[in-house]
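Secondary and tertiary structure notes
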Amino acid sequence: MSSPPVLSVVIPAYNEEQRLRRHIPDIQRHLAGKPHEIIVVNDGSRDATAVVAAELGAQVIDLQPNRGKGGAVKAGMLAAQGRYVLFTDADQSTPIGEVDKLLAKIEAGYDVAIGSRAAAGAEVQEAQVWYRALAGKLFGLASRWLVIAGISDTQCGFKLMKREVAQKVFLQVTSTSAIFDIELLAVAVREGYRIAEVPVHWVHDPDTRIPYNVRRALKIWAELFRIKRVVGKRMKVRS
């Protein structure tokens, strides 16, 4: 019987066949020599995402119908077998090489290490257009005031944790939306886990699968208040 991998890499994917072709080989090259698994969660894609992921050697979890980013990440994180579990976006806005910084924090005693575009030392290349950046800043302020304080960037899609932490936390996450990270972090704080916010290199990819419009913005704000009700009191991260 083979031993479990050291690292599991979970990639939520909706219509991502092209980006998976580009980026899975990069992930495999960086992790060569380190026992690992790559799990692609095909979230109701209409293209060949599942076929391409399997051809490239990834494990595939097929969700039908579409469950939302939070639901896809949850499915992958709960299925992962690695000692450490990372979820990362298919566009690799945060390159896989940045995982080494997060692993160092976990090995230093933290339970969760999250990539941050706002922490001192972060490198943001090709920033978002001004209205998305402004909306993100306002939303970040609201999320810190309402739900989770002490974290400057909750939404960077690059988070690593011990497998036992992922198993305990994700079972309690109820949000299937793109802002599930806020609930995830609040639950982790509530459980007493130590969280490290790590500055990373980040490049904006304008070919987003999550469009910005007024209707979606209203849904996201409604989801933030729902998470607030689920979590209860405001949490405070202490490193």
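Right above here is the structure, for reference.
Basis of the calculations
Residues numbered from 1 in each chain as written. Predicted model: local features only at pLDDT ≥ 70, side-chain atom pairs only at ≥ 80, totals over all residues. Heavy atoms only, no water. Phe/Tyr/Trp six-rings, centres within 6.5 Å; stacked < 30°, edge-to-face > 60°. Helix = DSSP H or I, 4+ residues; strand = E, 2+ residues; numbered from the N terminus. Buried < 20%, exposed > 50% of the residue type's maximum accessible area, 1.4 Å probe, protein only. Lys NZ or Arg CZ within 6 Å of the ring centre and 35° of its normal. Salt bridge = Lys/Arg side-chain N within 4 Å of Asp/Glu carboxyl O. Pairing = 2+ DSSP bridges. Axes fitted to C-alpha atoms, helices over the stretch in contact; angles between N-to-C directions. Contact = heavy atoms within 4.5 Å. Right-handed = clockwise from strand over helix to strand, strands pointing away.

Counted by the stated rule, this structure contains 2 aromatic pairs. For the pair Phe-87 and Phe-170, a centre-to-centre distance of 6.5 Å together with 85 degrees between the ring planes defines the contact as edge-to-face. Here Phe-170 lies in helix α6 (residues 163–170) and Phe-87 lies in strand β4 (residues 84–88), a separation of 83 residues in the sequence. Judged on exposure class, the residue Phe-87 and its partner Phe-170 are both buried. Ring centres of Phe-87 and Phe-180 lie 5.5 Å apart, and the angle between their planes is 50 degrees; this geometry places the pair in the tilted category. A residue pair is termed long-range when its members are at least 10 positions apart, and Phe-87 in strand β4 and Phe-180 in helix α7 (residues 180–190) qualify at 93 residues. In this structure an aromatic cluster arises from ring pairing among Phe-87, Phe-170 and Phe-180. Sitting above the plane of the Tyr-110 ring, Arg-194 keeps its charged end 4.1 Å from the centroid.

Before going further, it helps to examine the pattern of salt bridges. Any two side chains of opposite charge can pair if their charged atoms end up close together. All told, the structure shown has 9 salt bridges when counted by the stated rule. Among the salt bridges present, the one from Glu-16 reaches Arg-19, with a minimum N-O distance of 2.8 Å. Glu-16 sits in the buried class, given a relative accessible area of 6%. By relative accessible area, Arg-19 is classed as buried at 4%.

A few words now on the sheet that holds strand β5 (residues 112–116). Pairing is mixed in the open sheet, where 7 strands are placed in the order β3-β2-β1-β4-β8-β5-β9. Of all strands in the sheet, those with a lone pairing partner are β3 (59–63) and β9 (195–199), marking the two edges. Averaged over neighbouring strand pairs, the angle between their axes works out to 20 degrees when direction is ignored. The pairing of strand β2 (residues 36–43) with β3 spans 5 bridges and is parallel. Note that in β3 the partner of Asp-43 across the bridge is Leu-63. The sheet strands contacting helix α4 (residues 99–107) are β1 (7–13), β4, β5, β8 (158–162) and β9, and the helix crosses β8 at an angle near 30 degrees.

In this section: the pairing of β1. The buried fraction of β1 amounts to 7 of the 7 residues, a majority that puts the element mostly inside the structure. The side-chain alternation of β1 yields two buried faces, one formed by Leu-7, Val-9, Ile-11 and Ala-13 and the other by Ser-8, Val-10 and Pro-12. Pairing of β1 with β2 involves 7 bridges; the strand directions are parallel. Residue pairing in the sheet places Ser-8 in a bridge with Glu-37 of β2. Since β1 and β2 lie parallel, the crossover through helix α1 (residues 17–30) that links them has a hand, and here it is right-handed. Of the strand pairs in this sheet, β1 and β4 are connected by 4 bridges, and their pairing is parallel. Within β4, the position partnered with Ser-8 by the bridge is Val-85.

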